[in-house]
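Secondary and tertiary structure notes
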Amino acid sequence: MGFFGKGAPAAADPAAAEGGDNNEENEKSDGEPLSRQMSESSTVYATDQEEDDEFASKLQLGPQTTLKEQLEKDKDDESLRRWKEQLLGNVDVNNVTEVLEPEVKIISLSIVSPGREDIVLPIPENGNPKGLWFTLKEGSQYRLKFTFVVSNNIVSGFKYTNTVWKTGVKVDSAKEMLGTFSPQAEPYTHEMPEETTPSGLFARGQYSAKSKFVDDDNKAYLEINYTFDIKKDWA
């Protein structure tokens with residue numbers, strides 16, 4: 001999921017809005033190869049409460065500990081040792097810190113569309129781009145691509161959320177589980193599934209949206225409030 005989930009409404013038609021809430025569909029997305037896998041990956045929910053309940057039932061991670069403590073714990077358990085080695089991947093075990101809180105820095109965001117150069121989105125420090133952030137062509141295929149770096153500790157239940165409004169009406173709300181990631185010097189790269197922008201008279205115009213990258217403790221590493229346009233052609 002990027003700015004619209006699959007099955008997003010074609011327009012924020014006031015008449016359609018009066019008829020009831022928009023239907024949402026569940027998506028599936030694989031996590032990173034070295035991540036701790038959920039029993040089910042990637043989710044789109046009708047309400048925040050349903051989403052929170054679902055993740056709470058899947059994640060039984062226990063109290064948070066530093067990466068150094070995790071490495072030293074259960075040293076004699078061969079299966080746990082191998083699991084930790086797989087999870088931690090390229091972590092330098094001789095240079096780990098005792099910092100409890102993980103840190104995730106989103107270093108790039110871009111929109112990828114077939115046959116076009118990537119649209120690289122500037123990431124403002126305060127999370128609020130000035131003016132219009134980007135323009136999408138109606139009926140076009142695109143996907144959101146981003147890179148991020150994890151440091152200090154393992155980040156669990158890392159996920160992307162996005163909510164979109166048009167003329168004050170919420171037209172899309174999506175949440176996607178990305179996975180669990182260990183700290184490493186090299187950035188991770190993730191691409192969302194391909195989507196198609198809505199098209200038609202009611203679809204064109206300006207939208208407001210909020211995107212967030214959060215973990216299973218609901219700690220936000222990046223929150224962006226922005227506006228974008230859907231037009232007949234690319235800007």
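For the structure, check the block above.
What you see is a predicted model, and the numbers here were worked out from it, not measured in a lab. (Residues numbered from 1 in each chain as written. Predicted model: local features only at pLDDT ≥ 70, side-chain atom pairs only at ≥ 80, totals over all residues. Heavy atoms only, no water.)

**A look at the overall build of the protein**
Note the threshold: Helix and strand assignments come from DSSP, with helices taken as H or I runs of at least 4 residues and strands as E runs of at least 2, each series counted from the N terminus. In this analysis, two residues are considered to be in contact whenever any of their non-hydrogen atoms come within 4.5 Å of each other. Accessibility throughout is a Shrake-Rupley quantity obtained with a 1.4 Å probe, and a residue counts as covered only by protein chains that appear here.
A tally of regular secondary structure across the protein gives four helices and 10 strands. When its helices and strands are written in sequence order, the protein yields α-α-α-α-β-β-β-β-β-β-β-β-β-β. Nonlocal contacts in the protein, meaning residues at least 24 apart in sequence, comprise 73% of its contacts between residues at least 6 apart. Working note: accessible area of the protein is about 12,700 Å², and carbon and sulfur atoms make up 46% of it.

**Let's talk about the sheet that holds strand β5 (residues 155-166)**
Definition in use: Paired strands are those between which DSSP finds at least two bridges. As a rule, the C-alpha atoms of each element are fitted with a line to give its axis, helices using only the stretch in contact, and angles between N-to-C directions run from 0 to 180 degrees.
An order of β3-β10-β9-β5-β6 is seen for the five strands of this open sheet, with the pairing classed as mixed. Each end of this open sheet is capped by a strand with a single partner; those strands are β3 (132-137) and β6 (169-181). Strand after strand, the sheet turns through a mean of 25 degrees between neighbouring axes, direction not considered. In terms of strand pairing, β3 meets strand β10 (residues 220-231) through five bridges, oriented parallel. By the bridge assignment for β10, Thr-135 is matched with Asp-229.

**What to know about the pairing of strand β4 (residues 141-151)**
Sheet topology places strand β1 (residues 103-112) next to β4; nine bridges connect them, and they run antiparallel. Counterpart to Val-104 in the pairing with β4 is Val-150. In the sheet, β4 pairs with strand β8 (residues 195-196) via two bridges, with the strands oriented antiparallel. Counted as the bridge partner of Gln-141 is Thr-196 from β8.

**Focus: the nonpolar core**
What counts, and what does not: Nonpolar cores are built from buried Ala, Val, Leu, Ile, Met, Phe, Trp, Tyr and Cys residues. Side-chain atoms within 4.5 Å join them into one set. Here the term buried applies to any residue with accessible area under 20% of the maximum for its type, exposed to any over 50%, and partly exposed to those in between, with areas from a 1.4 Å probe on protein chains only.
By size, the foremost hydrophobic cluster in this structure holds 35 residues, and its most contacted members are Phe-3, Leu-109, Phe-158 and Phe-228. Put simply, the parts of the chain that give this core at least two residues each are β1, β3, β4, β5, β6, β9 (205-214) and β10. In terms of residue count, the dominant contributor to this core is β10 (six residues). Every residue in contact with Phe-228, bar those within four places of it in the chain, is listed here: Phe-4, Leu-132, Phe-134, Leu-136, Val-164, Gly-205, Gln-206, Tyr-207 and Ala-209.

**Thoughts on the side chain of Lys-159**
We count it as follows: Under this definition, polar contacts are N or O atom pairs within 3.5 Å; protein pairs additionally need one hydrogen-donor-capable and one acceptor-capable atom, and for neighbouring residues in sequence, both atoms have to be side-chain atoms.
Residue placement: Lys-159 occurs in strand β5. You can call Lys-159 buried: its relative accessible area is 8%. A distance of 3.5 Å separates a polar atom in the side chain of Lys-159 from the backbone oxygen of Asp-215.

**Remarks on the packing of aromatic side chains**
Here is the rule: Within 6.5 Å between ring centres, the rings of Phe, Tyr and Trp (the latter by its six-membered ring) count as paired, and their orientation is classed by plane angle as stacked under 30 degrees, edge-to-face over 60, tilted in between.
Counted according to the given criterion, the structure contains 17 aromatic pairs. Measuring from centroid to centroid gives 6.1 Å for Phe-146 and Phe-148, while their planes differ by 40 degrees, and the two rings are tilted. In terms of burial, Phe-146 and Phe-148 fall into one category: buried. Cluster of aromatic residues (ring-pair linked, three or more members): Phe-146, Phe-148, Phe-158, Tyr-160, Phe-181, Tyr-188, Phe-213 and Tyr-221.

**Considerations on the environment of Glu-191**
Tracing the backbone through its elements, the reader meets Glu-191 in strand β7 (residues 188-191). Judged by relative accessible area, which is 39%, Glu-191 ranks as partly exposed. For Glu-191 and Lys-145, which are 46 residues apart along the polypeptide, the C-alpha to C-alpha distance reads 4.4 Å. Among residues more than four places away in sequence, those in contact with Glu-191 are Arg-143, Leu-144 and Lys-145.

**Here's the deal with the environment of Lys-137**
Tracing the backbone through its elements, the reader meets Lys-137 in strand β3. Look at Lys-137 and you get partly exposed, because its relative accessible area is 29%. Taking the C-alpha atoms as reference points, Lys-137 and Lys-232, 95 residues apart in sequence, are found 5.6 Å from one another. Those residues within four positions of Lys-137 in sequence are excluded, and the remaining contacts are Thr-197, Lys-231, Lys-232, Asp-233 and Trp-234.

**Let's talk about the pairing of β6**
The buried count for β6 comes to 11 of 13 residues, which makes it a mostly enclosed element. In the sheet, β5 pairs with β6 via 10 bridges, with the strands oriented antiparallel. Paired with Asn-162 across the two strands is Ala-174, which belongs to β6. Hairpin connection between β5 and β6: a loop of two residues separates the two successive antiparallel strands, and Thr-167 in this loop has a positive phi of roughly 50 degrees.

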